[in-house]
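A structural walkthrough
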Amino acid sequence: MRIIDGKEIANQLKNEMAAEVEKLRSDLGRAPHLAAVLVGNDPASETYVKNKEKACHEVGMASSVYRLPERTTEAELMEVIDFVNKDEEIDGLIVQLPLPKGLSEDAVIARIAPEKDVDGFHPANLGRMVLGQPSYLPATPMGIMLLLQRSGIETEGKRCVVIGRSHIVGTPVSILLSRNRAGANCTVTLCHSKTQNLPAICRTADILIVAIGQCEAITGDYVKEGAVVIDVGIHRVPDASKKSGFALKGDVKYDEVAPRCSYITPVPGGVGPMTIVGLLRNTLSAFKGEIYPKR
Ligand code: NAD
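Reference entry: report on the structure contained in this document.

Tracing the backbone shows Gln96 in the loop between β4 (92–95) and α4 (105–111). In terms of polar contacts, Gln96 uses its side chain to reach the side chain of Lys52, at 2.8 Å. Ignoring anything within four residues of it in the chain, the contact list for Gln96 reads Val37, Leu38, Ser45, Tyr48, Val49 and Lys52.

On to the pattern of salt bridges. Here the structure, examined in full by the defined rule, presents 13 salt bridges. Between Arg30 and Asp91 there is a salt bridge; the shortest N-O distance is 2.9 Å. Of this pair, Arg30 sits in the loop between α1 (6–28) and β2 (33–39) while Asp91 sits in the loop between α3 (74–86) and β4, placing them 61 residues apart in sequence. On the accessibility criterion, Asp91 (4% relative accessible area) is buried. When the shortest N-O distance is used, the salt bridge between Glu225 and Arg260 registers 3.9 Å. In this pair, Glu225 is assigned in the loop between β7 (207–210) and β8 (227–231) and Arg260 in the loop between α9 (254–257) and β11 (261–264), connecting sequence segments 35 residues apart. One salt-bridge network, in which partners are shared between bridges, spans Lys14, Lys54 and Glu58.

Helix-helix packing is described using two parameters, namely the angle between the two axes and the distance between the axes. Where helix α6 (residues 139–150) meets helix α10 (residues 271–288), the axes come as close as 7 Å, and the angle between the chain directions of the two elements is 110°. By the criterion of interaxial angle, the relationship of α6 to α10 is roughly perpendicular. Across the interface between the two elements, Ala139, Thr140, Met142, Gly143, Ile144, Leu146 and Leu147 of α6 pack against Val271, Met274, Thr275, Val277, Gly278, Leu279, Arg281 and Asn282 of α10.

With that settled, consider the sheet that holds β2. With respect to topology, three strands assemble into an open sheet ordered β3-β2-β4, the strand pairing being parallel. In this open sheet, the two strands that pair with only one neighbour each are β3 (62–68) and β4. Averaged over all adjacent pairs, the angle separating strand axes in this sheet is 15°, with direction ignored. For β2 and β3, the ladder comprises seven bridges, and the chain directions are parallel. When the bridges of β3 are listed, Ala36 appears paired with Val65.

What follows concerns the site of the ligand. With respect to spatial proximity, 22 residues lie near the ligand, and among them Arg165, Ser166, His192, Val232 and Thr275 are the closest. Take Ser166: an N or O atom from its side chain is 2.6 Å from an oxygen atom of the ligand. Side-chain polar atom of Thr275 to an oxygen atom of the ligand: 2.7 Å apart, as the coordinates give it. In isolation the ligand offers 860 Å² of accessible surface; the protein chains occlude 71% of this area.

The N-to-C vectors of α1 and α10 enclose an angle of 20°; their axes lie 10 Å apart at closest approach. Between α1 and α10, the angle falls in the class roughly parallel. In the crossing of α1 with α10, the sense of the turn from one axis to the other is left-handed. Contacts from Gly6, Lys7, Ile9, Ala10, Leu13, Lys14, Met17, Glu20, Val21, Leu24 and Leu28 in α1 reach Pro273, Met274, Val277, Leu280, Arg281, Leu284, Phe287 and Lys288 in α10. Taken together, the residues that form the contact of α1 with α10 break down as 13 nonpolar, one polar and five charged.

So, on to the nonpolar core. Core analysis: the biggest nonpolar cluster contains 55 residues, and Met61, Ile144, Leu177, Ile209, Ile230 and Leu280 have the highest contact counts within it. Broken down by element, the residue count for this core peaks at nine residues, all from α10. Setting aside anything within four residues of it in sequence, one finds Ile144 in contact with Val169, Val173, Ile209, Ile230, Val232 and Val271. Cys191, Ala227, Val229 and Val257 belong to the second largest nonpolar core, which has 18 residues in total.

Analysis parameters
Residues numbered from 1 in each chain as written. Predicted model: local features only at pLDDT ≥ 70, side-chain atom pairs only at ≥ 80, totals over all residues. Heavy atoms only, no water. Helix = DSSP H or I, 4+ residues; strand = E, 2+ residues; numbered from the N terminus. Polar contact = N/O pair within 3.5 Å; in protein donor to acceptor, adjacent residues only side chain to side chain. Contact = heavy atoms within 4.5 Å. Salt bridge = Lys/Arg side-chain N within 4 Å of Asp/Glu carboxyl O. Buried < 20%, exposed > 50% of the residue type's maximum accessible area, 1.4 Å probe, protein only. Axes fitted to C-alpha atoms, helices over the stretch in contact; angles between N-to-C directions. Parallel < 35°, antiparallel > 145°, perpendicular 65-115°, else oblique. Pairing = 2+ DSSP bridges. Near = heavy atom within 4 Å. Areas by Shrake-Rupley, 256 points an atom, 1.4 Å probe, with all protein chains shown as cover. Left-handed = near helix turned anticlockwise from the far one by under 90°. Nonpolar A, V, L, I, M, F, W, Y, C, P; charged D, E, K, R; others polar. Core = buried A, V, L, I, M, F, W, Y, C linked by side-chain atoms within 4.5 Å.

Rendered as structure tokens:
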């Protein structure tokens with residue numbers, strides 16, 4: 001069994017990006033710039049936004065955060081988005097989700113200019129992705145594809161089972177893995193909360209991708225001997241032995257599943273660090289006008 005070291009792969013990719021960013025900055029006079037909008041005081045969202053800022057700085061990108069109070073109206077939030085959409089020195093814009101109650105995530109995402117939508121959640125970008133056209137790929141699915149590639153895992157012709165059909169993870173990764181492309185070409189089954197005989201379906205998988213948001217729900221009897229397991233879940237569970245007071249766990253019961261696998265991602269240090277890399281890659285693409293050529 002080999003542990004896929006997402007942190008190490010993310011660091012390699014960030015080092016590669018840092019060299020490119022530095023060259024672009026010296027040639028063009030400015031670095032790519034990511035803006036994040038954070039509404040309210042959700043502690044997990046605060047942490048995610050801080051990590052994104054830190055990662056930008058690590059690769060030499062500029063970052064800014066627009067912090068808005070919990071009681072912000074949709075009209076006020078839209079004004080901020082319009083303002084950033086027009087700022088020519090900002091390449092990428094993300095609105096940290098979830099938003100406080102009363103704000104429509106769909107409407108807010110649709111307001112982001114597609115060429116700045118580096119989360120890849122705008123209907124224009126998801127539509128392009130489904131059609132196989134150039135688009136910003138949602139960050140976590142992109143991170144998973146990169147993890148498989150960089151670990152040298154063969155995907156062509158393999159049976160892949162994805163559990164979870166969210167718009168940000170399960171559905172897009174199932175589409176990307178089924179594409180007629182190098183690093184894809186899997187035969188994919190997408191499972192969800194209404195799937196019957198889930199363990200038996202999962203046991204057919206050469207590659208099992210788990211994104212269900214249920215702590216340690218996937219046990220050894222879901223996993224074929226020799227399978228590759230990618231665990232997307234992140235859960236904080238109280239742990240008095242840790243300085244922080246909590247430990248991070250995945251959707252997969254690691255100790256039970258790992259001995260059955262050929263490869264597995266740990267939590268933390270698997271998919272998580274790669275999600276940020278996906279976001280940085282999209283921001284770099286936006287700066288270079290790779291998806292939407294700059295006028
Ligand atoms: P979500 O809650 O939006 O969707 C969960 C999906 O799983 C749903 O489609 C549901 O049908 C399915 N599901 C739930 N319980 C199930 C069960 N028992 N059996 C089969 N299917 C079931 O979740 P999400 O946003 O896709 O996130 C999934 C997990 O991944 C969460 O733990 C989240 O915190 C984590 N996550 C991690 C990263 C990262 O960077 N590592 C990024 C995004 C999400």
